[in-house]
Amino acid sequence: MEKNKEIVLSGIRPTGFLHLGNYFGALKNWSRMQYEYDCYFFIADWHSLTTHADTSELRLNTRRLVSELIAGGLDPGKCTIYAQSDIPEIPELYLYLNMLAYKGELEKTVTFKDKARQQPENINAGLLTYPVLQAADILIHRAHYVPVGKDQEQHIEMTRNFAERFNHRYGEIFPIPRAFSYSKDLVKILSLDGSGKMSKSEQQMNTIYLSDEDALITRKIMKAKTDQGPTAPNSKKPEYIQGLFTLLGLVSSPEILAGFEYDFNHCHIRYGDMKKQLAEDMIRFISPIRGKAAALQNDPAQIDEILAIGAEKARKSAAATLLEVRKALGFKYH
Ligand code: ADP
Ligand code: TRP
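Remember, it's a predicted structure, so these values are computed and weren't measured experimentally.

Q: I would appreciate a short explanation of the site of ligand 2 in the present structure.
A: The immediate surroundings of ligand 2 are formed by 13 residues, with Phe 42, Tyr 130, Gln 134, Asp 137 and Gln 152 found nearest. Take Gln 134: an N or O atom from its side chain is 2.8 Å from a nitrogen atom of ligand 2. Note that a nitrogen atom of ligand 2 is positioned 2.7 Å from one of the side-chain N or O atoms of Asp 137. Those elements giving two or more residues to the shell around ligand 2 turn out to be β1 (7-12) and α8 (130-139).

Q: Teacher, can you tell me more about the domain arrangement of the protein here?
A: Interface size, as often reported, equals the accessible area lost upon joining of the parts. Domain boundaries in the protein define domain 1 (7-180 + 299-329) and domain 2 (204-294). Inter-centroid distance (C-alpha atoms) of domain 1 to domain 2 is 32 Å. Domain 1 puts twelve residues into the contact, and the matching count from domain 2 is 14 residues. When domain 1 packs against domain 2, the two sides together hide about 1100 Å² of surface, and 79% of this comes from carbon and sulfur. If you sort the residues of domain 1 by the area they bury against domain 2, Leu 20, Phe 24 and Ala 71 come out on top, with a joint share of 47%. Viewed at the interface, domain 2 and domain 1 are joined by zero salt bridges. Summed over the shared surface of domain 1 and domain 2, the number is two residue pairs in polar contact (both at pLDDT 80 or more). Every element with two or more residues in the side of domain 1 that touches domain 2 is listed here: α1 (20-33) and α3 (58-71). Taken together, the residues of the side of domain 1 that touches domain 2 sort by class into seven nonpolar, three polar and two charged.

Q: Please explain the state of the cysteines as it appears in this structure.
A: Covalent bonding between the sulfur atoms of two cysteines is what defines a disulfide. Tallied over the entire structure, the rule returns zero disulfides. For Cys 79, which is in no disulfide, the shortest distance to another cysteine sulfur is to Cys 39 and amounts to 6.5 Å. Assessed through its relative accessible area of 1%, Cys 79 is described here as buried.

Q: How should the site of ligand 1 be read in this particular structure?
A: In the neighbourhood of ligand 1, 18 residues make up the surrounding shell, with His 19, Gly 149, Asp 151, Lys 197 and Lys 200 lying closest. In this structure, Asn 22 approaches ligand 1 through a side-chain N or O atom, which is 3.1 Å from an oxygen atom. Gly 149 is positioned with one of its backbone polar atoms (N or O) 2.7 Å from an oxygen atom of ligand 1. Taken by itself ligand 1 offers 530 Å² of open surface, and the protein chains cover 94% of this. Here the residues of the shell around ligand 1 sort into six nonpolar, seven polar and five charged.

Q: Looking at this model, I keep getting lost on the environment of Leu 128. Mind explaining?
A: Mapped onto the fold, Leu 128 is located in helix α7 (residues 125-128). When the C-alpha atoms of Leu 128 and Lys 115 are compared, they prove to be 9.5 Å apart, with 13 residues separating the residues in sequence. What Leu 128 contacts, discounting residues up to four positions off in sequence, is Leu 106, Glu 107 and Phe 112.

Q: Could you clarify how one ought to interpret the pattern of salt bridges in this entry?
A: Using the criterion set out here, one finds 18 salt bridges in the structure. A salt bridge links Lys 237 to Glu 261; its shortest N-O distance comes to 2.8 Å. Taken together, the residues Lys 237 in the loop between α10 (214-223) and α11 (239-251) and Glu 261 in helix α12 (residues 254-265) connect sequence positions 24 residues apart. The class of Lys 237 is buried, set by a relative accessible area of 17%.

Q: It is not clear to me how helix α13 (residues 271-297) should be interpreted in this structure. Could you clarify?
A: Because the α-helix completes a turn every 3.6 residues, residues three or four places apart line up on one side. When the terminal C-alpha atoms of α13 are compared, their 37 Å separation across 27 residues agrees well with the 39 Å that a helix rising 1.5 Å per residue should span. Remark: the principal bend of α13, roughly 30 degrees, maps to Ile 286, with a proline, Pro 288, within the next four residues.

Q: What is the right way to look at helix α9 (residues 153-170) in this model?
A: In a regular helix each residue adds 1.5 Å, so 18 residues correspond to 26 Å; α9 covers 26 Å between its end C-alpha atoms and thus fits that length. Looking one or two residues beyond α9, the residue adopting positive phi is Gly 171, at roughly 120 degrees.

Q: Is there a simple way to explain the side chain of Lys 237 in this structure?
A: Looking at Lys 237, its side chain comes within polar contact range of the side chain of Glu 261, at 2.8 Å. Leave out the neighbours within four places in its chain, and Lys 237 touches Gln 242, Phe 245, Glu 261 and Phe 264.

Q: I tried to follow the nonpolar core on my own but got confused; where do I start?
A: The nonpolar side chains of a soluble globular protein tend to be buried, and buried together. In this structure, Leu 20, Leu 69, Met 282 and Phe 285 are the most contacted members of the largest nonpolar core, which totals 55 residues. The element best represented in this core is α13, accounting for eleven residues. Looking at which domains feed residues into this core, each of domain 1 (7-180 + 299-329) and domain 2 (204-294) supplies at least three. If sequence neighbours within four positions are ignored, Leu 69 has contacts with Ile 12, Leu 18, Leu 27, Trp 30, Ile 43 and Leu 74. Residues Ile 7, Leu 97, Ile 140 and Phe 174 belong to the second largest nonpolar core, which totals 38 residues.

Q: Please clarify how the packing of aromatic side chains should be interpreted in this entry.
A: For any pair of aromatic rings, the description consists of the separation of the ring centres together with the inter-plane angle of the planes. If you walk through the whole model with that rule in mind, you get 15 aromatic pairs. Here Phe 17 and Tyr 209 contribute two aromatic rings whose centre-to-centre distance is 6.2 Å and whose plane-to-plane angle is 75 degrees, an arrangement assigned as edge-to-face. Remark: Tyr 209 occurs in the loop between β5 (178-180) and α10 and Phe 17 occurs in the loop between β1 and α1; sequence separation between them is 192 residues. In this structure Phe 17 comes out as partly exposed when scored by relative accessible area, which is 37%.

Parameters at a glance
- Residues numbered from 1 in each chain as written.
- Chains lettered and ligands numbered in written order.
- Predicted model: local features only at pLDDT ≥ 70, side-chain atom pairs only at ≥ 80, totals over all residues.
- Heavy atoms only, no water.
- Near = heavy atom within 4 Å.
- Polar contact = N/O pair within 3.5 Å; in protein donor to acceptor, adjacent residues only side chain to side chain.
- Helix = DSSP H or I, 4+ residues; strand = E, 2+ residues; numbered from the N terminus.
- Domains from an automatic or database assignment.
- Contact = heavy atoms within 4.5 Å.
- Buried area = accessible area lost by both parts, 1.4 Å probe.
- Salt bridge = Lys/Arg side-chain N within 4 Å of Asp/Glu carboxyl O.
- Nonpolar A, V, L, I, M, F, W, Y, C, P; charged D, E, K, R; others polar.
- Disulfide = S-S within 2.5 Å.
- Buried < 20%, exposed > 50% of the residue type's maximum accessible area, 1.4 Å probe, protein only.
- Areas by Shrake-Rupley, 256 points an atom, 1.4 Å probe, with all protein chains shown as cover.
- Expected span 1.5 Å × (residues − 1).
- Bend = angle between axes of the 7 residues up to and from the residue.
- Core = buried A, V, L, I, M, F, W, Y, C linked by side-chain atoms within 4.5 Å.
- Phe/Tyr/Trp six-rings, centres within 6.5 Å; stacked < 30°, edge-to-face > 60°.

Have a look at this one:
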């Protein structure tokens, strides 16, 4: 990796199959950034324990995720790909940052409140301090940019706060990182029924996965929620309709998008036709990724090798930061 490039870091939990939200919210930016920055992308397997205590499928999920990330555009020759659990420097930094994170702000975090609602029987301390571990992931490489989807904005804001508190108290060690997207705003892909974001834990028929077969993609899109269409010209689109237009904008040509926009604004849109077109373009987008990921998964030794090389590079960077952190804190007795 060349020296003096700014540092980019992002991660994803190995908790399920990659979907369009992960692709357009994260991976698409990652794939482009690897050519411009010094990039670290990792599998957040420790984070997954906060909600998925069962580790029996962790290895399988991690390998599949790495395959999907590479199939979706990451080049292990251009960026560093590693597993969080291979970097013991992260939990040490997490420990220091925990002393700079306050119970009140952690309890107010939107993702914490959501997860606490979803799993009231398991509101563990890891869930509460999830943003602190995430901050350690980011700060351990002294990252400048963190490409993530809109849902992660608050975590990045918290990371900035922890970094500022550390710098203020112990000395300027960390750059203050920023959430990043090439598009004007951070991306949010809606679930196909328009209710909230597309996510791994949503109803599977409302989520399109990069591993979905062609027929299933068509079935999901044809079932997506629509209505009778607008009755007044240039109406505001309901969220579930906007969601379909967003997808069209991402996988179809600008002419096709403009055509359906025109039909919508002139109140003669036929959603059946629009969905058929979307399904066709979605299949053209997904099927090569699906094929490449399947081929890679058949070669776990190659994936493990990529993770081993990534771990070595990531540890070098992490150890250098931790040395500075320990010096700043005064933990250097001999
Ligand atoms: P999930 O919410 O499905 O569990 P993760 O939390 O593992 O997915 O998210 C991994 C990355 O994908 C993050 O950068 C996140 O911002 C992005 N992401 C997830 N879902 C969406 C979505 N619906 N729209 C945009 N980005 C998303
Ligand atoms: N919290 C992120 C998510 O749910 C995953 C993650 C963990 C992450 N550590 C990170 C993302 C560091 C960016 C940077 O998607």
